[in-house]
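Chain and residue survey
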Amino acid sequence: MDNALFLQHLRDAGLEEGRTYIQEHIQELVDYAAIGDLLADEALKHLFTPFLSLKLAELLTFFGESAPDEYAHALGLKAKGDALVQIRHLQAAVQVLDMAGEKFLQLGDKRNWARSRISWVIATASLGRIEDALDHAARAREVFQELDEPYWVCLIDHNRAWIYRQIGRYHDAIVLYERMLAIYPTVTDQGEASVKRAIAMAQESQVVILSWLGDFEQARRLLQEVHAAYSALAETGLMLTSQIALAELDYAQGYYGSALKQYYQAQDMLVDGNMNNPRALAELKLRMADTLVKLNKANEACQSAVEAVAIFRQLDESLDMGNVLREYATALVASGRLREALTALNEAKVLFDRAGFEHHSAVTLLQHAELLLEMGLTTQAYDEAYQAKAYFEAHSLVARFVGAGLVMAGSLIKQVQQDKERLEKEQQDKLLLHAIAICKQAVEQASLHHLREEVYRSHHLLGRIYAEQGDDRKAAWRFKAAIVQIEHILDDLVFDLSPAFLRRAWKVYKDMIVLCLRQEGEEERAFGYFERVRSLSLRQHLRAAKAPPGSRAGEECISPSPELQAAGAAILRTQQELKELQGEYRKYSNLLTQIDTTVSPTVDREVLEADLKHRETKLNELFERLDLQRTTSAHSSVKRMRTSPGPYLDISQLSQGLSPDRLVLAYFLHEESLVIFAFTNEGLKTYKKPEGWQKLERMLLLLHAHLQPGGWPDPFHPPLQGVQFMLHELYSLLIEPVRDVLPPDNGLLTIVPYGPLHALPFHALYDGTRYLIEDYQIHYLPAAGLLKAPNGAEQVARDERDSMLASATMRPPLIFGYSGRGQLQSAIVEAKTLAALMGGRCYLEDEATISRLIEEAPGSPIIHLATHGYSRLDAPNFWSVLLADGRFNAFDAFDLDLQVCELVTLSGCETGLALSGGGDEQLGLGRAFLAAGADSLVMSLWSAEDDSTCELMQRFYEHLLNEKSKSEALRAAQRNLLERTNSPYIHPFYWAPFRLVGGVGPLKYIRSSR
């Protein structure tokens, strides 16, 4: 029989078909030993396509039983054990390999007994039988040396080195790898592909230790060679492992955006390569969960970790289960579930200790210490971190012992803060000096090995210590050094990854701001740091929108390499997947609004809601992946502009650009203090209220309660006294301190809120006799850095918009009205009224669709959407307004082309609320419309009343048509309602829900259309 055809048939056939084929041709397979060797070699050749290898092993075992032939049967058992190890069925692998080894010894075949030990030592070591594994490895090595088979000596040494890595004998492992790499090129009894694969695998194992020892540049260079070698050999499974290893290098050095991108690419390889390997997917999900934790995406991290844990609990493997529990604990901590995390870490530590995995046990101990520190158990945290640090330092594991040192230093600082009254000054100084020494060592080592997160954390801790000691100069230097490292990390993050990461890193900026504020004459510097990363993601979106076609996120256009062409294909695949998923999401979100549980007892709203939640998770992931694919990684050959904050805000230029009748008020909250930065054309003044935050927090809760009409005794005669009292108290806190710089009557107030103040209607604050809107025009900005300065880039952007408006074919206003199946008829009345008033394109009810909005929005100077609004604090990118074919959410708005749009009005409930992310990023629907290019937004802060909203909007547009500025027009419309006597509209609930965000000038569309 032709061997090639025989093997091809068995490769292509299913297991039962293959067995039948062997039975039918058993008489032709006369040389049993030769057939056994042929099938064994074929199974080994495909070992890293493990399910194919396992099928061939089963067929070889069947052949040995059918012939019958003990030698072929033993070869089949060995091949089966090898394949089972690859899919991590370790207990089963050990049993099968023991049977194979025993048969080979009975046959007097020492060579194949030794070969059966190669996978056996990995399986037994993973199950915690370290001494057994090393003993069998040594015996097998002696056999290979006796038989003069250097290739097999190297293979068993490779597995010995892997065990040494797990038990902390790193330098012994390196010696073995170096010896292997010297021997492999001299091997002549193996095929070229086998030798190249073996060299690449040894190099990949070297990479792990090099990264642990802090030699990241050498590790990255070597790993890129490995990845190229696997690619040339078409070893898909091994390419996956090297792709993951590249991600882990990025992660270790703080390139979290690049790491996440690499993990997504690895996930694509699993799916696109049809690798039926749930375990590999679970391991990948664990690594992604850890990266998501670093980016403060706790919910996504927990979900990913839970899925992995469910798979691994089915396997009886000390090493893998322990690592799973560690990663799961990380996600639990990020979600605030500290006790559960403690339980998971304790279980992992027991598994590692029982199996003798010293390295993993030490890593778990450090993680346990970090958790204890977060729980305030400083003494125990210090002791455990000290123990872990001793282990890592003894084994030269730089990143780990730096991390342990930071836990020790953090414990000492917190101990001083907790026991300040009990500890004498001398004891406090001693503890802080010890913390300083630890942090300085950490800075030195982390800087040497380019560990960006550890560098910033070390500098930040030093800054906190010096600030505690009153040494402001040293504290400022350390905080600044930490900020430099944070902004290097930010340079690797795209769009919504920035505010996620800044949730934690924002603490450094806040500490720097507070330090500056307590120093005389440093107010401008404080404000510069305050504005440094505010609304950074929004600014990234705006920068990307201005980039030339094909160069999103500021990438420079260069000739496409094969790598870039492959990236382009990946982008197209993701875009197509997104398009399909968005269509499904809109369909089912629309179905949810129409659900009728009375038609059948089987109809369950919760089932549909759970399905939508699942789709939301997938949509979030796909949008994130698309942004990462569009943006080159930190180590790509493609050049790209920095996406970090850029130059500091020029405060003098900003002030000079303000008109004499304009005041900018930017608010900042820190611990219990309220700070107001006030800008006029004469410069900056700062006002501090040391106890302001506590009172402010209480007043905000009471105000929102008074703005709900549910408790009013008579809706036609709403109670004013209570709400006016709250608004007056808030006026005293937020406006009264700056009375000396308030502009003249009818002047312009620019409000830049912070944190919970974004939900406050400043225009409704009450001085005891008048509301603020009665005296001033008012608009809002998410950050002072978005002010339209008269010079520089912002003026260029404004000139570009004016040029686009002048050259564009002017389209009438775009107006949508949707009642939600008749529930909001006032939206239809409102849309018809405004369409008649402005001569706009009007789409009502079934014509008011998402697809039509996407199609009609480009080139529209005004967009008005009258419909239901849906707030989503749990998932701000799904903040939405309801249209006929589903919910139009923030993701949809990001993709609109609104470069010539002067005004978007979202006339629905709570469309102006948002979730505050890191850097005070306002995550919600409004940000998405601004990012898409809209100059101004009018949005609501609460559930507005239908009739008053309709009238307010009519008045607003009438004033705009009379060429009033947007701020003047909204002010006049609100005064039309609040100054009406004998009307419930005088209550702020009716006239104050809407606010203007963004530009304030008159509509150029109105002027050009006349």
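Residues numbered from 1 in each chain as written. Predicted model: local features only at pLDDT ≥ 70, side-chain atom pairs only at ≥ 80, totals over all residues. Heavy atoms only, no water.

**Focus: the overall build of the protein**
A tally of helices and strands in the protein yields 42 helices and 16 strands. On C-alpha atoms alone, the protein measures out to a radius of gyration of 33 Å, which is about the 30 Å that the 2.2 N^0.38 rule sets for 1010 residues. Excluding contacts between residues fewer than 6 apart, the proportion of contacts in the protein whose partners are at least 24 apart in sequence is 71%. Accessible surface, the protein as shown: approximately 40800 Å² in total, 50% of it carbon and sulfur. Seen as two clouds, the 104 positive and the 135 negative side-chain charges of the protein have centres 4 Å apart. (Helix = DSSP H or I, 4+ residues; strand = E, 2+ residues; numbered from the N terminus. Rg over C-alpha atoms; globule rule 2.2 N^0.38 Å. Contact = heavy atoms within 4.5 Å. Areas by Shrake-Rupley, 256 points an atom, 1.4 Å probe, with all protein chains shown as cover. Lys, Arg positive; Asp, Glu negative; His and termini not counted. Charge placed at Lys NZ, Arg CZ, Asp CG, Glu CD.)

**Describing the pattern of salt bridges**
Applying the stated criterion to the full structure yields 49 salt bridges. Between Glu 522 and Arg 525 there is a salt bridge whose closest N-O contact spans 3.0 Å. A residue is classified by how much of its surface remains accessible, and Arg 525, at 31% relative accessible area, is partly exposed. Residues Arg 927 and Glu 921 are paired through a salt bridge, measuring 3.6 Å at the closest nitrogen-oxygen approach. Taken individually, Arg 927 and Glu 921 each receive the classification buried, so the pair is uniform in this respect. Residues joined in a network through salt bridges with shared partners are Arg 141, Asp 157, Arg 160 and Arg 179. (Salt bridge = Lys/Arg side-chain N within 4 Å of Asp/Glu carboxyl O. Buried < 20%, exposed > 50% of the residue type's maximum accessible area, 1.4 Å probe, protein only.)

**Brief notes about unusual backbone geometry**
Along the chain, Ala 67 connects to Pro 68 via a cis peptide bond; the corresponding omega equals -15 degrees. One can find Pro 68 in the loop between helix H4 (50-66) and helix H5 (70-86). Unlike most non-glycine residues, Ser 396 shows phi in positive territory, near 60 degrees. Summarising the element assignment, Ser 396 is placed in the loop between helix H20 (378-394) and helix H21 (398-418).

**What about the nonpolar core?**
With 335 residues, the main nonpolar core has Phe 501, Leu 665, Tyr 667, Phe 677, Leu 734, Leu 898 and Phe 929 as its most contacted residues. If you tally residues by element for this core, the top one is helix H25 (residues 497-517), at 12 residues. Not counting residues within four places of it along the chain, the set of residues in contact with Phe 501 comprises Tyr 256, Lys 294, Leu 295, Asn 296, Tyr 456, Ile 486, Ile 489, Leu 490 and Leu 493. In this structure, Ile 571, Leu 612, Phe 623 and Ala 875 belong to the second largest nonpolar core, which totals 14 residues. (Core = buried A, V, L, I, M, F, W, Y, C linked by side-chain atoms within 4.5 Å.)

**Here's the deal with the sheet that holds strand E10 (residues 880-883)**
One open sheet holds the 3 strands; their spatial order is E9-E10-E11, and the pairing between them is antiparallel. Of all the strands in the sheet, the pair left with one neighbour each is strand E9 (869-870) and strand E11 (886-889). Direction of pairing for E9 relative to E10: antiparallel, over a ladder of 2 bridges. If you follow Tyr 870 over to E10, its bridge partner there is Ser 880. (Pairing = 2+ DSSP bridges.)

**Observations concerning the state of the cysteines**
The full count for this structure, using the stated rule, is 0 disulfides. Left unpaired, Cys 901 is separated from the closest cysteine sulfur, that of Cys 842, by 16 Å. Judged by its relative accessible area of 0%, Cys 901 is buried. (Disulfide = S-S within 2.5 Å.)

**Some thoughts on the packing of aromatic side chains**
For the structure on display, the rule yields 33 aromatic pairs. Seen from their ring centres, Tyr 382 and Tyr 386 are 6.4 Å apart, and the 20 degrees between their planes marks the pair as stacked. Of this pair, Tyr 382 and Tyr 386 both sit in helix H20, 4 residues apart, which is roughly one turn of the helix. We classify Tyr 382 as buried; its relative accessible area is 18%. Following the ring pairs from residue to residue traces out a cluster consisting of Trp 506, Tyr 509, Phe 527, Phe 530, Phe 668, Phe 677, Phe 679 and Tyr 754. Cation over ring: Arg 887 sits above Tyr 870, and NZ or CZ is 3.9 Å from the ring centre. Positioned above the aromatic ring of Tyr 780, the side-chain terminus of Arg 995 is 4.8 Å from the ring centre. (Phe/Tyr/Trp six-rings, centres within 6.5 Å; stacked < 30°, edge-to-face > 60°. Lys NZ or Arg CZ within 6 Å of the ring centre and 35° of its normal.)

**Re the environment of Ala 305**
With respect to the helices and strands, Ala 305 occurs in helix H16 (residues 298-312). By relative accessible area, which is 0% here, Ala 305 ends up buried. For the pair Ala 305 and Pro 1002, spaced 697 residues apart in sequence, the C-alpha separation works out to 52 Å. In this structure, Ala 305 is in contact with Leu 286, Ala 289, Tyr 328 and Ala 331, ignoring residues within four places of it in sequence.

**A closer look at the packing of helix H23 (residues 452-469) against H25**
Following both chains from N to C, one finds H23 and H25 inclined at 35 degrees, their axes separated by 10 Å at the closest point. Judged by the sense of rotation from one axis to the other, the crossing of H23 with H25 is left-handed. Only Phe 501, Arg 504, Ala 505, Lys 507, Val 508 and Asp 511 of H25 make contact with H23, whose side of the interface consists of Glu 453, Tyr 456, His 460 and Arg 464. When its residues are assigned to classes, the contact of H23 with H25 shows 4 nonpolar, 1 polar and 5 charged. (Axes fitted to C-alpha atoms, helices over the stretch in contact; angles between N-to-C directions. Left-handed = near helix turned anticlockwise from the far one by under 90°. Nonpolar A, V, L, I, M, F, W, Y, C, P; charged D, E, K, R; others polar.)

**A short note on the side chain of Ser 242**
Structurally, Ser 242 can be placed in helix H13 (residues 236-252). What makes Ser 242 buried here is its relative accessible area of 0%.

**Describing the packing of helix H9 (residues 150-167) against helix H10 (residues 170-183)**
With their axes 9 Å apart at the nearest point, H9 and H10 run at an angle of 160 degrees to one another. Classed by the angle they form, the pair H9 and H10 counts as roughly antiparallel. Crossing of H9 over H10 shows left-handed handedness. Of the residues in H10, those in contact with Pro 150, Cys 154, Asp 157, His 158, Arg 160, Ala 161, Trp 162, Tyr 164 and Arg 165 of H9 are Tyr 170, Asp 172, Ala 173, Leu 176, Tyr 177, Arg 179, Met 180 and Ile 183. (Parallel < 35°, antiparallel > 145°, perpendicular 65-115°, else oblique.)

**Section: the side chain of Glu 830**
Mapped onto the secondary structure, Glu 830 falls in helix H35 (residues 825-838). For Glu 830, which is buried and forms no salt bridge, the nearest opposite charge comes from Arg 955, at a distance of 13 Å. Here His 864 takes part through its side chain, which lies 2.6 Å from a polar atom of the side chain of Glu 830. (Polar contact = N/O pair within 3.5 Å; in protein donor to acceptor, adjacent residues only side chain to side chain.)

**Regarding the pairing of E11**
Here E10 runs beside E11; their pairing, made up of 4 bridges, is antiparallel. Its bridge partner lying in E11, Leu 882 is registered against Arg 887.

**Topic: the confidence of the model for the protein**
Looking at the protein as a whole, its pLDDT mean stands at 86, while 91% of the residues score no less than 70. Here residues 548-560 is modelled with pLDDT under 50, and outside its nearest four sequence neighbours on either side it reaches 26 contacts, counting other chains as well. Counting interchain partners and residues more than four positions distant, the pLDDT-below-50 stretch residues 632-642 has 34 contacts. (pLDDT = per-residue confidence, 0-100.)

**Looking at the environment of His 450**
Along the chain, the position of His 450 falls in the loop between helix H22 (425-448) and H23. Overall, His 450 belongs to the partly exposed group, its relative accessible area being 44%. Put simply, His 450 and Ala 399 are 51 residues apart on the chain and 9.8 Å apart in space, counted from C-alpha to C-alpha.

**Considering the pairing of strand E3 (residues 683-689)**
Here strand E2 (residues 673-680) pairs with E3 via 7 bridges, running antiparallel. Paired with Leu 674 across the two strands is Lys 689, which belongs to E3. Between E2 and E3, which pair antiparallel in sequence order, lie 2 residues.

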